[in-house]
Amino acid sequence: MSSIESIKELREFDLYDRITGMFETAESAGDLVYSESNYDEIIKDEETNLEYELKIVEALSVRPNNRAVEPGMKEKVTKDHVNEVLKKNPFLKPEPELTIVESLISDYRLILNKYPNTKYHFLLVTKEFTPQDGLLKPIELLIVRTILENLNGKLKSIGSKTRYFSFFNSGPESGYSQYHKHIQFMLLPENFRVYQDDVVRNVDFYLPNEIDERKGPLFYPKCSFKHSILKLAPIDLKHEDHDDEEDEDKLALLYMFLIRRVLNISKEFNIEQISYNFIMMNDWMMVVPRRSAKYENIWQNSLGFMGIFNAKNVEIKDKIIELGFQKILEECGFKIEEQEKDVMYNEYGY
Ligand code: AMP
């Protein structure tokens, strides 16, 4: 088991080899629950130009739930709830066979997902118990981006057709199953079209504000749900003045801007407990404010907003088709306005 104690070390560590090697070993030893899906379809919607993956993932049927409160109950989390969560918390002492990096920048670990949606699905978890409801710290944003740069750089160099993205589900309606703080990393389907890439393509990095129309967050108008996307500042490691702290500050600034949007929207709809999905790729980050963890019996976390729909069985898969991808996402988030770009948000109030 290894230890990585700086961003520089994390940048240079061969994470991909470590993750794939450990996954293969854990899979053959039966330490994780994974099987190739026997139903995996890519669906293109001509009208919106959005792409979806619809897949049956059997491991979802056995994935445990360890939430502090159940979605839809509007119940406040108490100490008793937290004590119950701690009794069966899988991330406090993760299984050694699943532990990729035992100590990362002092306070974190990397572990394989025991019930992965895709091969090589893994998690960044805090060593100490920290609630999932809340914000990401600047250092966490920097760790996530460094991991994405590391893995996607490697995947590109070996000619892979896939990439990693990262996501964080926070708040009682965000669709999470574990209450201990965790951020996830998952591979996209090969050659998958990601609408956020199109939104940020040909956009230069800028610091956002709500006053100047050209400096607001970006969005894809054909999505049915409110969301906000920002382009990340490029990282220039070749530059001799390169400073990790500066990268971290910029990430935090963008993230807090997006969080204020979540607060604005949640206030407008009288939501007491904030829930949101946060998704990050090498060169963009996005938030989706949430009002419901599920629509009918279809649960959603960040994945649907990435176009990825994983069902635990054929019945759920058929129900997703019947309801429609965009309808499910609209009901779990907030309906996008026809003139979304004209909506005024208050950057300094909520
Ligand atoms: P979420 O449902 O977004 O809260 O993500 C929690 C993830 O933790 C799920 O994808 C589970 O498959 C995963 N998980 C649950 N138990 C364990 C465990 N014992 N070790 C590693 N990962 C786990």
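As shown above, the structure is provided for reference.
From a predicted model like this one, the values you see are computed outputs, not experimental measurements.

About the thresholds
Residues numbered from 1 in each chain as written. Predicted model: local features only at pLDDT ≥ 70, side-chain atom pairs only at ≥ 80, totals over all residues. Heavy atoms only, no water. Phe/Tyr/Trp six-rings, centres within 6.5 Å; stacked < 30°, edge-to-face > 60°. Helix = DSSP H or I, 4+ residues; strand = E, 2+ residues; numbered from the N terminus. Buried < 20%, exposed > 50% of the residue type's maximum accessible area, 1.4 Å probe, protein only. Lys NZ or Arg CZ within 6 Å of the ring centre and 35° of its normal. Near = heavy atom within 4 Å. Polar contact = N/O pair within 3.5 Å; in protein donor to acceptor, adjacent residues only side chain to side chain. Areas by Shrake-Rupley, 256 points an atom, 1.4 Å probe, with all protein chains shown as cover. Nonpolar A, V, L, I, M, F, W, Y, C, P; charged D, E, K, R; others polar. Contact = heavy atoms within 4.5 Å. Pairing = 2+ DSSP bridges. Axes fitted to C-alpha atoms, helices over the stretch in contact; angles between N-to-C directions.

Help me out: how do you make sense of the packing of aromatic side chains in this one?
Pairs of aromatic rings are described using the distance from one ring centre to the other and the angle between the two planes. Summed over all chains, the structure comprises 16 aromatic pairs. Seen in terms of ring centroids, Phe168 and Tyr276 are 6.2 Å apart; in terms of plane orientation they differ by 65°. Their pairing is edge-to-face. Taken together, the residues Phe168 in strand 7 (residues 164-170) and Tyr276 in strand 10 (residues 276-281) connect sequence positions 108 residues apart. The same class applies to Phe168 and to Tyr276, which are both buried. A centroid spacing of 6.2 Å and a plane angle of 50° characterise the contact between Tyr176 and Tyr179, whose relative ring orientation is tilted. Considered together, Tyr176 and Tyr179 belong to a single accessibility category, that of buried residues. Members of the aromatic cluster, each reached through a chain of ring pairs, are Tyr16, Phe23, Tyr34 and Tyr120. Its guanidinium or amino end placed over the ring of Tyr39, Lys317 lies 4.3 Å from that ring's centre, counting from NZ or CZ.

It is not clear to me how the site of the ligand should be interpreted in this structure. Could you clarify?
Around the ligand sit 18 residues in total, of which Arg63, Asn113, Ser177, His182 and Gln184 are the nearest. In the model, an oxygen atom of the ligand is placed 2.6 Å from a nitrogen or oxygen of the Asn113 side chain. Within the side chain of Ser177, an N or O atom sits 2.5 Å from an oxygen atom of the ligand. Protein burial of the ligand: of its 500 Å² of free accessible surface, 96% is covered by the chains. Among the secondary structure elements, those contributing two or more residues to the shell around the ligand are strand 5 (108-112) and strand 8 (182-187). Its residues assigned to classes, the shell around the ligand shows nine nonpolar, six polar and three charged.

Honestly, the side chain of Lys317 in this entry has me stumped. Any pointers?
Mapped onto the elements, Lys317 comes out in helix 7 (residues 314-323). Residue classification places Lys317 among the buried residues on the basis of a relative accessible area of 11%. For Lys317, the contacting residues outside a window of four places in its chain are Tyr39, Leu54, Ile56 and Ala311.

How should I be thinking about the pairing of strand 14 (residues 308-311) in this particular structure?
A regular strand carries its side chains on alternate faces of the sheet. Burial of strand 14 is two-sided: the residues Ile308 and Asn310 facing one way and the residues Phe309 and Ala311 facing the other way are all buried. Relative to strand 14, strand 3 (residues 50-56) is paired through four bridges, and the arrangement is parallel. Bridge pairing links Glu53 to Ile308 in strand 14.

Hey, could you run me through the sheet that holds strand 3 in this one?
Consider a sheet: its strands pair through backbone hydrogen bonds, and that pairing is either parallel or antiparallel. The three strands lie next to each other as 2-3-14, forming an open sheet whose pairing is mixed. In the strand order of this sheet, the two ends are held by strand 2 (40-45) and strand 14, each with one partner. Recorded for the sheet is a direction-independent mean angle of 20° between the axes of neighbouring strands. Seen against the sheet, helix 7 touches strand 3 and strand 14 and runs at an angle of roughly 160° to strand 3. Across the sheet, helix 8 (residues 325-332) touches strand 2, strand 3 and strand 14, and the angle it forms with strand 3 is around 90°.

Would you mind showing me how to read the environment of Val125 here?
Note on placement: Val125 falls in strand 6 (residues 122-126). Put simply, Val125 and Gln300 are 175 residues apart on the chain and 21 Å apart in space, counted from C-alpha to C-alpha.

What am I meant to see in unusual backbone geometry here?
With glycine set apart, most residues show a phi of negative sign, and most peptide bonds adopt trans. Even without glycine at this site, Lys74 takes up a positive phi of about 55°. Relative to the helices and strands, Lys74 is located in the loop between strand 3 and helix 3 (79-87). According to the relative accessible area criterion, Lys74 is exposed, its value standing at 75%.

So what exactly am I meant to see when it comes to the sheet that holds strand 4 (residues 99-104) here?
Across the sheet, nine strands lie side by side as 1-4-5-6-8-7-10-11-9; this open sheet has mixed pairing. Of all strands in the sheet, those bounded by a partner on one side alone are strand 1 (2-4) and strand 9 (228-231). Pairs of neighbouring strands in the sheet enclose a mean axial angle of 20°, with direction left out of account. In this sheet, strand 8 lies alongside strand 7 in antiparallel orientation, the contact comprising four bridges. Along strand 8, the bridge assignment pairs Phe165 with Met186. Contacting strand 9, strand 10 and strand 11 (284-289), helix 6 (residues 244-268) crosses the sheet at an angle of about 20° to strand 11.

Sorry if this is basic, but what is going on with the pairing of strand 7 here?
In terms of residue burial, strand 7 counts as a mostly covered element, since seven of its seven residues are buried. On strand 7, burial covers both faces: Tyr164, Ser166, Phe168 and Ser170 on one face and Phe165, Phe167 and Asn169 on the other are all buried.

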